[in-house]
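Chains, contacts and geometry: an overview
Spelled out from the first residue to the last, the chains are:
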Amino acid sequence: MGLMKKLYLFAILGMLSSCTSSRWIVQEAPADDLSQSRVISTIPVLAVKQLPTPDQPTIVFEVRNLNQVQFPQRMEQRRFVQAYRPRYGLMLLGLTGAAALVYVANTNVLEQDLTYNQKLGLNITAGVLAAGSVFNLKPTGEPLFTGETRMLEQVGTATRNDTVSRPQASPSISMNLFASYKGTSVVDGLTKIGTNQEIRIDLVNELPFRSFETTEPGMVELLLTSQDRSFTYEVPVESFLKRYVRVARRNTPIRSSPQDQAGNIITTVAEASLLPWINTADGWHEVMLGLNPVFMRAEDAAVVWMPAGGVGGMVISTGQRFGDIDVERGLPTGIPLQMDAAAVIIANQNYDDASLTNRYAERSIELMKQYYHNVLGVPMDRIRVVKDAPSSQSATWSRFQRNNIWSELRMNPDRTRLFVYYVGKGATIGGKPVLLPTDAPNGEPVDVGSFLEYVASFPTMSTHVMFETDFTHTPDGTALGVNTLSRTADLLTQRRSGWVMFASDARQPAGAYTTEDFRTDRIYGLLTYFFCKALQEENFSTSEIQTYLNRNLTFTSRRIHNRPQDPKLFGQTNLRLIDYP
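About the thresholds
Residues numbered from 1 in each chain as written. Predicted model: local features only at pLDDT ≥ 70, side-chain atom pairs only at ≥ 80, totals over all residues. Heavy atoms only, no water. Core = buried A, V, L, I, M, F, W, Y, C linked by side-chain atoms within 4.5 Å. Buried < 20%, exposed > 50% of the residue type's maximum accessible area, 1.4 Å probe, protein only. Helix = DSSP H or I, 4+ residues; strand = E, 2+ residues; numbered from the N terminus. Contact = heavy atoms within 4.5 Å. Pairing = 2+ DSSP bridges. Axes fitted to C-alpha atoms, helices over the stretch in contact; angles between N-to-C directions. Expected span 1.5 Å × (residues − 1). pLDDT = per-residue confidence, 0-100. Parallel < 35°, antiparallel > 145°, perpendicular 65-115°, else oblique. Left-handed = near helix turned anticlockwise from the far one by under 90°. Phe/Tyr/Trp six-rings, centres within 6.5 Å; stacked < 30°, edge-to-face > 60°. Lys NZ or Arg CZ within 6 Å of the ring centre and 35° of its normal. Nonpolar A, V, L, I, M, F, W, Y, C, P; charged D, E, K, R; others polar. Salt bridge = Lys/Arg side-chain N within 4 Å of Asp/Glu carboxyl O.

This part takes up the nonpolar core. Membership of the largest hydrophobic core comes to 47 residues, with the highest contact counts inside it found for Y372 and F531. Listing elements by their share of this core, those giving two or more residues are β19 (342-347), α4 (361-374), β21 (417-423), β26 (498-502), β28 (521-525), α8 (526-536) and α9 (542-561). Top contributing element to this core by residue count: α8, with eight residues. Leave out the neighbours within four places in its chain, and F531 touches M368, M466, W499, M501, I545, L549 and L577. The next biggest cluster of nonpolar side chains, apart from the first, holds 38 residues, and it includes Y351, W406, L418 and A506.

As structure tokens, this is what we get:
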């Protein structure tokens, strides 16, 4: 029975065993022996190195060498490893038979006794049968390539093309450029010399693309030829030109949203303005105005393709002609003249000190004349204008002389509404607000308190003074106190019915409704614009105007200048500015 135990142990080990073997196999296809390759010919070719963009509209081709390489082909042997495992069914059958033979040989199961040789023969047969069943293995999985190869005899030669960089010492290459667009030749045989192993083509300056309208720009076909070969490449037009919209109508509204609403008009632009295109949908072009996306009617402009360099969104502002800005047109009509009403407009634009120049102050004259006459009913011959007054003329609009434009107006204390408007530079000197003459800083400034005292000296039914300026300019380093403007306004409002309106609080700058990046160019001071806008929308009482300013002016200042600007009105707020139902 010891032999049986050994047999069973042998069987168990065999069942758990597996093995591998390796062998060299000759491949059917010959292998390329690149170690013996040699270059038999070389020609220059082009490869795209840099694609164009609208900001850099140059396509760059690298000149490379196309080598034809010859090499021998040889028979190849590869070494593979094969894994094996037992055939479990056959092994079970063989071990069972072997066990039966061992049992017969070593027991008295037979009727007659076996000789020693017979027992030995049966045991040997059982061992051979057990060994054969255990080690009769079958392959498992695919043979694994070890990566080992060896070349045998040569059976042929072959060639292939390799593209490699040219040596720096290689001579320059000359090629001829041909280009066509939609079947039409646009460049015919322009000589291009490769320098530093590159050929560069400026698709804007060397091709005649300047501006054209299309919704499908298509491709430009480039053909470069030399003595050896030719090379073709297609370049999408949109890869090197930029899409704009070209305004087709004058006074085209630019809106903050794709809706026809009066309140969303940011500005207007003139015919031929160019704005970078973003998208077109539902009858609207979305374009860039400065740093902001805005909208315009698709029917008002055409999509054009142009070089990006030197354009960048050319906006021709319609703010150069009076009537192009929304507040300059569409004034209320049918308002009767107020025959005793009077107005004085003071506008200082051109200062000796260029840093004080108040752009568009003179245009404000025309705007206020239109509103005083057409909306507030002031007869045109009772509107006086003082423009660019130096200190030598300051008496004509201050308290110092009575025989001047003020006294010419012949005011009636029972019927005259007097409107006074100042646009120019202000300052704080000695802790007091002052108005600067055009020869500032050398000229004598006009004290705002003294000015209001002088205006209050004229007998009127009501007096209304508006300052489109601020007092943050402080030549002597002083600043206005919190209540200074209120106390200054009292010099008029304590003596006359009416009010004094300042464009901003004591220490706030007063800005214009315009930005350098063209988000808006309504050009006027914010107080001037929204005061007129309130009248345009038929807000004729002081309280209505004040509410309109508070709702719109500060919000707009924060939106376009990122700072507060709070208009201040001191005096009576229950006054109507015209006798109109």
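Moving on to the sheet that holds strand β25 (residues 462-468). Two pairing modes exist for strands in a sheet, parallel and antiparallel, and in both the strands are linked by backbone hydrogen bonds. As summarised here, the arrangement of the six strands in space is β20-β19-β21-β25-β26-β29, forming an open sheet in which the pairing is mixed. Edge positions in the open sheet fall to β20 (383-387) and β29 (568-571), since each of these has one partner strand only. Neighbour-to-neighbour, the strand axes of this sheet turn through a mean angle of 10 degrees, independent of strand direction. Where β26 lies against β29, four bridges are found, and the strand directions are antiparallel.

This part takes up the pairing of strand β22 (residues 426-429). Of the strand pairs in this sheet, β22 and strand β23 (residues 432-435) are connected by four bridges, and their pairing is antiparallel. Among the inter-strand pairings, I429 is bridged to a residue of β23, identified as K432. Hairpin connection, β22 to β23: the antiparallel pair is bridged by two residues, and G430 has positive phi, about 65 degrees.

The end-to-end C-alpha separation of α9 is 27 Å, in line with the 28 Å expected for 20 residues at 1.5 Å each. Buried residues of α9: T542, I545, Y548, L549, L553, T554, T556, S557 and I560, and no others. Buried residues belonging to α9 abut β26, β27 (512-514), α8 and β29. N562 sits one or two residues past α9 and shows a positive phi near 55 degrees.

Along the chain, T252 turns up in strand β13 (residues 252-255). With a relative accessible area of 0%, T252 lands in the buried category. Apart from residues no more than four positions distant in its own chain, T252 is found in contact with V247, T267, T268, V269, M296 and D300.

For the rest of this paragraph, the subject is the sheet that holds β23. With respect to topology, three strands assemble into an open sheet ordered β22-β23-β24, the strand pairing being antiparallel. On the outer flanks of this sheet lie β22 and β24 (446-447), each paired with one strand and no other.

Below, the discussion takes up unusual backbone geometry. Following A440, the chain continues into P441 via a peptide bond in cis, with omega recorded as 10 degrees. If you check the backbone angles, R410 has positive phi at about 50 degrees while not being a glycine. Relative to the assigned elements, R410 resides in the loop between α5 (405-408) and β21. When its relative accessible area of 64% is taken as the criterion, R410 is described as exposed. Even without a glycine there, the phi angle at E538 is positive, about 65 degrees. Among the structural elements, E538 can be located in the loop between α8 and α9.

Before going further, it helps to examine the confidence of the model for the chain. Summarising the model, the chain shows a mean pLDDT of 84, and 90% of its residues fall at 70 or more. Throughout residues 399-403 the model reports pLDDT below 50, and contacts reaching past four residues in sequence, or to other chains, amount to nine contacts.

To continue, consider the packing of helix α2 (residues 88-106) against helix α3 (residues 116-134). Between α2 and α3, the shortest axis-to-axis distance is 8 Å and the interhelical angle comes to 170 degrees. When the axis of α2 is compared with that of α3, the two are roughly antiparallel. Remark: the crossing between α2 and α3 carries left-handed chirality. Contact residues: L90, M91, G94, L95, G97, A98, L101, V102, V104, A105 and N106 in α2; K119, L122, N123, T125, A126, L129, A130, S133 and V134 in α3.

Attention now moves to the packing of aromatic side chains. Enumeration according to the criterion identifies 17 aromatic pairs in this entry. Where F80 meets F145, the ring centres are 5.4 Å apart and the plane angle is 45 degrees; that geometry is what we call tilted. With F80 in strand β4 (residues 58-86) and F145 in strand β5 (residues 137-165), this residue pair connects regions lying 65 residues apart in the sequence. On the basis of relative accessible area, F80 is assigned to the buried category, the value being 16%. For F145, a relative accessible area of 36% gives the class partly exposed. Cluster of aromatic residues (ring-pair linked, three or more members): W406, Y422, F451, Y454, F458, F467, F471, F502 and F570. Here the guanidinium or amino end of R78 rests over the ring plane of F145, the centre of that ring lying 5.2 Å away. The ring of W24 carries the charged tip of R150 above its face, separated from the ring centre by 3.8 Å.

Following both chains from N to C, one finds α8 and α9 inclined at 140 degrees, their axes separated by 9 Å at the closest point. As judged from the angle between their axes, α8 and α9 are oblique. For the pair α8 and α9, the sense of crossing is right-handed. For the pair formed by α8 and α9, the contact residues are L526, L527, F530, F531, K533, A534 and L535 on the first element and I545, Y548, L549, N552, L553, T556, S557 and H561 on the second. When grouped by side-chain class, the residues that make up the contact of α8 with α9 number 10 nonpolar, four polar and one charged.

Applying the stated rule across the entire model yields 14 salt bridges. Across the salt bridge formed by R78 and E76, the nearest N and O atoms sit 3.2 Å from each other. Its relative accessible area of 9% is what places E76 among the buried residues. D260 is the salt-bridge partner of R297, the closest N and O atoms lying 2.6 Å from each other.

To continue, consider the environment of Q168. Here Q168 is to be found in the loop between β5 and β6 (174-181). Through-space distance from the C-alpha of Q168 to that of W24 is 46 Å; in sequence the pair is 144 residues apart.

This part covers the environment of G194. Structurally, the position occupied by G194 is in the loop between β7 (184-193) and β8 (198-202). Placed 250 residues apart in sequence, G194 and E444 show a C-alpha to C-alpha distance of 70 Å. Each residue touching G194, except ones within four places of it in the same chain, is listed here: S172, I173 and I199.

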